[in-house]
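# Examining the three-dimensional arrangement
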Amino acid sequence: MSENGKLAASELSTIPGGRLRKDAAVAWLVMRHFIGTEKGVWVCPTSQRTSYRCFADQQYFWNLYQCGQGALAARPGTSNHGWGIAVDLPSAAMQAAVRECGHRFGWGIRGGQLPSDAPSEAWHATFHPGVFVPPAHPKPTHPYQYMSDREQAARDALVKERRTARRHGGWAELDPSHRKRAAKAKNELKHCARDIAAAAKKSGWDEGHRKARYDYIHKLIGA
Ligand SMILES: [Zn+2]
(Lines give C-alpha, C1' and ligand atoms only; values in the text may rest on other atoms or scores of the structure.)
Protein backbone atom coordinates (compact mmCIF):
# COMPACT_ATOMS: atom_id res chain seq x y z
CA MET A 1 0.00 0.00 0.00
CA SER A 2 1.43 3.36 -0.93
CA GLU A 3 2.10 6.04 1.65
CA ASN A 4 1.55 9.75 1.42
CA GLY A 5 4.58 11.38 -0.20
CA LYS A 6 6.06 7.99 -1.05
CA LEU A 7 4.25 7.00 -4.22
CA ALA A 8 6.12 4.71 -6.60
CA ALA A 9 7.16 6.18 -9.94
CA SER A 10 4.80 3.68 -11.57
CA GLU A 11 1.82 5.26 -9.77
CA LEU A 12 2.64 8.70 -11.16
CA SER A 13 2.39 10.32 -14.57
CA THR A 14 4.12 13.41 -15.84
CA ILE A 15 2.16 16.59 -16.51
CA PRO A 16 3.74 19.78 -17.87
CA GLY A 17 5.60 21.17 -14.86
CA GLY A 18 5.21 18.26 -12.46
CA ARG A 19 3.75 14.84 -11.70
CA LEU A 20 0.36 13.51 -10.55
CA ARG A 21 -1.23 10.17 -9.67
CA LYS A 22 -2.14 8.50 -12.95
CA ASP A 23 -5.93 9.04 -12.84
CA ALA A 24 -5.50 12.63 -11.68
CA ALA A 25 -2.95 13.22 -14.45
CA VAL A 26 -5.33 11.96 -17.15
CA ALA A 27 -8.12 14.26 -15.94
CA TRP A 28 -5.65 17.14 -15.55
CA LEU A 29 -4.33 16.77 -19.09
CA VAL A 30 -7.81 16.64 -20.61
CA MET A 31 -8.80 19.71 -18.57
CA ARG A 32 -5.56 21.47 -19.52
CA HIS A 33 -6.20 20.87 -23.20
CA PHE A 34 -9.82 22.05 -22.87
CA ILE A 35 -8.94 25.24 -21.00
CA GLY A 36 -5.96 25.90 -23.26
CA THR A 37 -7.92 25.66 -26.49
CA GLU A 38 -11.02 27.42 -25.12
CA LYS A 39 -9.36 30.25 -23.21
CA GLY A 40 -5.73 30.29 -24.27
CA VAL A 41 -4.67 29.57 -20.67
CA TRP A 42 -2.38 26.55 -20.19
CA VAL A 43 -2.69 25.52 -16.56
CA CYS A 44 0.39 24.23 -14.76
CA PRO A 45 1.72 23.95 -11.20
CA THR A 46 3.65 26.81 -9.60
CA SER A 47 6.74 24.58 -9.44
CA GLN A 48 7.94 20.98 -9.71
CA ARG A 49 7.06 20.52 -6.04
CA THR A 50 3.51 21.85 -6.13
CA SER A 51 1.72 19.04 -7.91
CA TYR A 52 2.86 15.68 -6.49
CA ARG A 53 5.15 16.39 -3.58
CA CYS A 54 7.34 13.79 -1.98
CA PHE A 55 7.56 13.43 1.80
CA ALA A 56 10.92 15.17 2.08
CA ASP A 57 9.67 18.22 0.19
CA GLN A 58 6.52 18.37 2.30
CA GLN A 59 8.74 18.24 5.39
CA TYR A 60 10.78 21.12 3.97
CA PHE A 61 7.69 23.30 3.36
CA TRP A 62 6.27 22.32 6.75
CA ASN A 63 9.46 23.37 8.50
CA LEU A 64 9.45 26.73 6.71
CA TYR A 65 5.82 27.29 7.67
CA GLN A 66 6.47 26.25 11.27
CA CYS A 67 9.23 28.79 11.71
CA GLY A 68 7.14 31.53 10.07
CA GLN A 69 9.13 31.72 6.84
CA GLY A 70 6.88 29.87 4.41
CA ALA A 71 3.32 29.79 3.13
CA LEU A 72 0.72 27.63 4.82
CA ALA A 73 1.75 23.98 4.44
CA ALA A 74 0.17 20.75 5.60
CA ARG A 75 1.83 18.46 8.12
CA PRO A 76 3.95 15.85 6.26
CA GLY A 77 1.87 12.76 5.52
CA THR A 78 -1.43 14.64 5.42
CA SER A 79 -1.29 16.75 2.24
CA ASN A 80 -3.15 15.79 -0.91
CA HIS A 81 0.03 16.84 -2.73
CA GLY A 82 1.56 13.75 -1.15
CA TRP A 83 -1.13 11.62 -2.80
CA GLY A 84 -0.45 13.24 -6.16
CA ILE A 85 -3.98 14.64 -6.44
CA ALA A 86 -3.43 18.36 -5.80
CA VAL A 87 -1.95 21.19 -7.84
CA ASP A 88 -1.11 24.75 -6.82
CA LEU A 89 -1.84 27.22 -9.62
CA PRO A 90 0.46 30.22 -10.08
CA SER A 91 -1.82 32.79 -11.73
CA ALA A 92 -5.25 34.31 -11.21
CA ALA A 93 -6.19 33.41 -14.80
CA MET A 94 -5.40 29.72 -14.20
CA GLN A 95 -7.28 29.74 -10.91
CA ALA A 96 -10.31 31.39 -12.52
CA ALA A 97 -10.31 28.88 -15.37
CA VAL A 98 -10.26 25.91 -12.97
CA ARG A 99 -12.97 27.55 -10.83
CA GLU A 100 -15.11 27.81 -13.93
CA CYS A 101 -14.58 24.43 -15.59
CA GLY A 102 -12.62 22.23 -13.15
CA HIS A 103 -15.69 20.35 -11.92
CA ARG A 104 -16.25 18.90 -15.38
CA PHE A 105 -12.92 17.10 -15.06
CA GLY A 106 -13.11 16.22 -11.37
CA TRP A 107 -11.01 19.15 -10.15
CA GLY A 108 -12.22 21.15 -7.14
CA ILE A 109 -10.98 24.57 -6.05
CA ARG A 110 -12.21 27.32 -3.74
CA GLY A 111 -15.23 28.97 -5.38
CA GLY A 112 -15.63 26.13 -7.90
CA GLN A 113 -18.43 23.59 -8.13
CA LEU A 114 -16.35 20.86 -6.52
CA PRO A 115 -14.81 21.57 -3.12
CA SER A 116 -11.15 22.08 -2.32
CA ASP A 117 -9.56 20.28 0.63
CA ALA A 118 -7.64 23.49 1.40
CA PRO A 119 -10.31 26.20 1.06
CA SER A 120 -8.07 28.84 2.63
CA GLU A 121 -5.76 28.55 -0.42
CA ALA A 122 -7.26 30.09 -3.55
CA TRP A 123 -4.49 28.54 -5.67
CA HIS A 124 -4.90 24.95 -4.50
CA ALA A 125 -6.88 22.55 -6.72
CA THR A 126 -7.83 19.02 -5.62
CA PHE A 127 -8.78 16.01 -7.70
CA HIS A 128 -12.00 14.12 -6.95
CA PRO A 129 -11.70 10.58 -8.34
CA GLY A 130 -14.66 9.08 -10.17
CA VAL A 131 -16.23 12.37 -11.30
CA PHE A 132 -14.55 12.51 -14.67
CA VAL A 133 -14.67 9.51 -16.96
CA PRO A 134 -12.11 9.92 -19.73
CA PRO A 135 -13.66 9.33 -23.14
CA ALA A 136 -12.73 6.08 -24.86
CA HIS A 137 -10.54 6.58 -27.88
CA PRO A 138 -12.96 6.83 -30.78
CA LYS A 139 -12.43 4.27 -33.51
CA PRO A 140 -11.29 5.97 -36.69
CA THR A 141 -14.19 6.01 -39.10
CA HIS A 142 -14.26 6.61 -42.81
CA PRO A 143 -16.73 9.21 -44.13
CA TYR A 144 -18.15 6.47 -46.38
CA GLN A 145 -19.93 5.02 -43.34
CA TYR A 146 -21.93 8.22 -42.93
CA MET A 147 -22.87 8.65 -46.57
CA SER A 148 -26.43 8.36 -47.77
CA ASP A 149 -27.39 5.46 -50.07
CA ARG A 150 -27.35 7.83 -53.03
CA GLU A 151 -23.88 9.12 -52.14
CA GLN A 152 -22.53 5.62 -51.61
CA ALA A 153 -23.98 4.36 -54.91
CA ALA A 154 -22.41 7.22 -56.87
CA ARG A 155 -19.08 6.80 -55.09
CA ASP A 156 -19.08 3.03 -55.73
CA ALA A 157 -19.84 3.53 -59.41
CA LEU A 158 -17.08 6.11 -59.87
CA VAL A 159 -14.47 4.08 -58.00
CA LYS A 160 -15.40 0.93 -59.90
CA GLU A 161 -15.05 2.59 -63.32
CA ARG A 162 -11.76 4.22 -62.37
CA ARG A 163 -10.40 0.88 -61.22
CA THR A 164 -11.43 -0.72 -64.50
CA ALA A 165 -9.74 2.06 -66.44
CA ARG A 166 -6.56 1.71 -64.43
CA ARG A 167 -6.51 -2.05 -64.90
CA HIS A 168 -6.79 -1.67 -68.67
CA GLY A 169 -4.24 1.08 -69.03
CA GLY A 170 -6.53 4.10 -69.36
CA TRP A 171 -9.93 5.21 -70.61
CA ALA A 172 -8.80 5.11 -74.23
CA GLU A 173 -8.43 1.34 -74.02
CA LEU A 174 -12.02 0.87 -72.89
CA ASP A 175 -15.45 0.94 -74.42
CA PRO A 176 -16.64 4.58 -74.10
CA SER A 177 -19.58 3.46 -71.97
CA HIS A 178 -17.18 3.14 -69.02
CA ARG A 179 -16.11 6.74 -69.24
CA LYS A 180 -19.74 7.81 -69.60
CA ARG A 181 -20.72 5.91 -66.47
CA ALA A 182 -17.82 7.48 -64.55
CA ALA A 183 -18.83 10.97 -65.71
CA LYS A 184 -22.42 10.30 -64.69
CA ALA A 185 -21.32 9.15 -61.21
CA LYS A 186 -19.07 12.17 -60.86
CA ASN A 187 -21.91 14.46 -61.82
CA GLU A 188 -24.17 12.71 -59.33
CA LEU A 189 -21.55 13.27 -56.60
CA LYS A 190 -21.44 16.96 -57.50
CA HIS A 191 -25.18 17.11 -56.89
CA CYS A 192 -24.75 15.26 -53.61
CA ALA A 193 -22.13 17.78 -52.46
CA ARG A 194 -24.44 20.63 -53.43
CA ASP A 195 -27.25 19.04 -51.41
CA ILE A 196 -24.98 18.63 -48.39
CA ALA A 197 -23.91 22.28 -48.60
CA ALA A 198 -27.54 23.41 -48.87
CA ALA A 199 -28.52 21.33 -45.84
CA ALA A 200 -25.50 22.65 -43.92
CA LYS A 201 -26.60 26.21 -44.56
CA LYS A 202 -29.83 25.46 -42.73
CA SER A 203 -28.67 23.35 -39.78
CA GLY A 204 -24.89 23.32 -39.67
CA TRP A 205 -21.94 21.30 -40.91
CA ASP A 206 -21.64 19.02 -37.89
CA GLU A 207 -24.98 17.35 -38.28
CA GLY A 208 -24.90 14.02 -40.10
CA HIS A 209 -21.11 14.29 -40.48
CA ARG A 210 -21.73 16.71 -43.35
CA LYS A 211 -18.24 18.21 -43.30
CA ALA A 212 -16.55 14.80 -43.57
CA ARG A 213 -18.90 13.63 -46.34
CA TYR A 214 -18.52 16.89 -48.24
CA ASP A 215 -14.73 16.83 -48.05
CA TYR A 216 -14.59 13.19 -49.07
CA ILE A 217 -16.83 13.78 -52.09
CA HIS A 218 -14.71 16.74 -53.16
CA LYS A 219 -11.64 14.58 -52.96
CA LEU A 220 -13.33 11.95 -55.12
CA ILE A 221 -14.36 14.35 -57.83
CA GLY A 222 -11.13 16.30 -57.63
CA ALA A 223 -12.98 19.60 -57.15
ZN1 LIG B 1 -1.57 23.08 -2.44
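Residues numbered from 1 in each chain as written. Predicted model: local features only at pLDDT ≥ 70, side-chain atom pairs only at ≥ 80, totals over all residues.

### Re the domain arrangement of the protein chain
Heads up, the rule is: Residue ranges labeled as domains rest on an automatic or database domain assignment.
Each assigned domain of the protein chain is listed here: domain 1 (9-127) and domain 2 (143-221). The C-alpha-based centres of domain 1 and domain 2 are spaced at 52 Å.

### Notes on the environment of proline 16
Our working rule: Only DSSP runs of H or I reaching four residues or more are called helices, and only runs of E reaching two or more are called strands; each is numbered from the N terminus. Backbone-placed C-beta atoms define the burial measure: a residue is buried with 20 or more other C-beta atoms within 10 Å of its own, exposed with 12 or fewer, and partly exposed in between.
The topology assignment puts proline 16 in the loop between β1 (12-15) and β2 (18-21). Judged by C-beta crowding, with 12 C-beta atoms within 10 Å, proline 16 ranks as exposed. Separated by 29 residues in sequence, proline 16 and proline 45 have C-alpha atoms that sit 8.1 Å apart.

### Let's talk about helix α2 (residues 55-66)
Quick reminder of the rule: For a helix, the expected span equals 1.5 Å multiplied by the number of residues minus one. The arc under discussion is defined with respect to the helix axis, by the directions toward the C-beta atoms.
Look at α2: 16 Å from first C-alpha to last across twelve residues, which is about the 16 Å you get at 1.5 Å a residue. Among the residues of α2, those classed as buried are Asp57, Gln58 and Phe61. The arc that holds every buried residue of α2, seen down its axis, measures 100°, which confines them to one face. Facing away from the buried side of α2, by more than 90 degrees, are the exposed residues Ala56 and Gln66. Among the residues trailing α2, glycine 68 stands out with phi positive, at a value near 75°.

### Overview of the pairing of β1
Going by this rule: Two strands form a pair only when DSSP identifies at least two bridges running between them.
Across four bridges, the pairing between β1 and β2 is antiparallel. Residue threonine 14 lies in a different strand from β2, and its bridge partner there is arginine 19. Once β1 ends, the chain turns through two residues before running back antiparallel as β2, passing glycine 17 with a positive phi of about 95°.

### With respect to helix α6 (residues 210-221)
Rules: Each residue gets a C-beta atom placed from its backbone, and two residues are in contact if those atoms lie within 7 Å.
Along its twelve residues, α6 runs 16 Å from first to last C-alpha, staying within 8% of the 16 Å computed at 1.5 Å per residue. The elements touched by buried residues of α6 are α4 (149-167) and α5 (176-203). Glycine 222 sits one or two positions beyond α6 and adopts a positive phi of about 65°.

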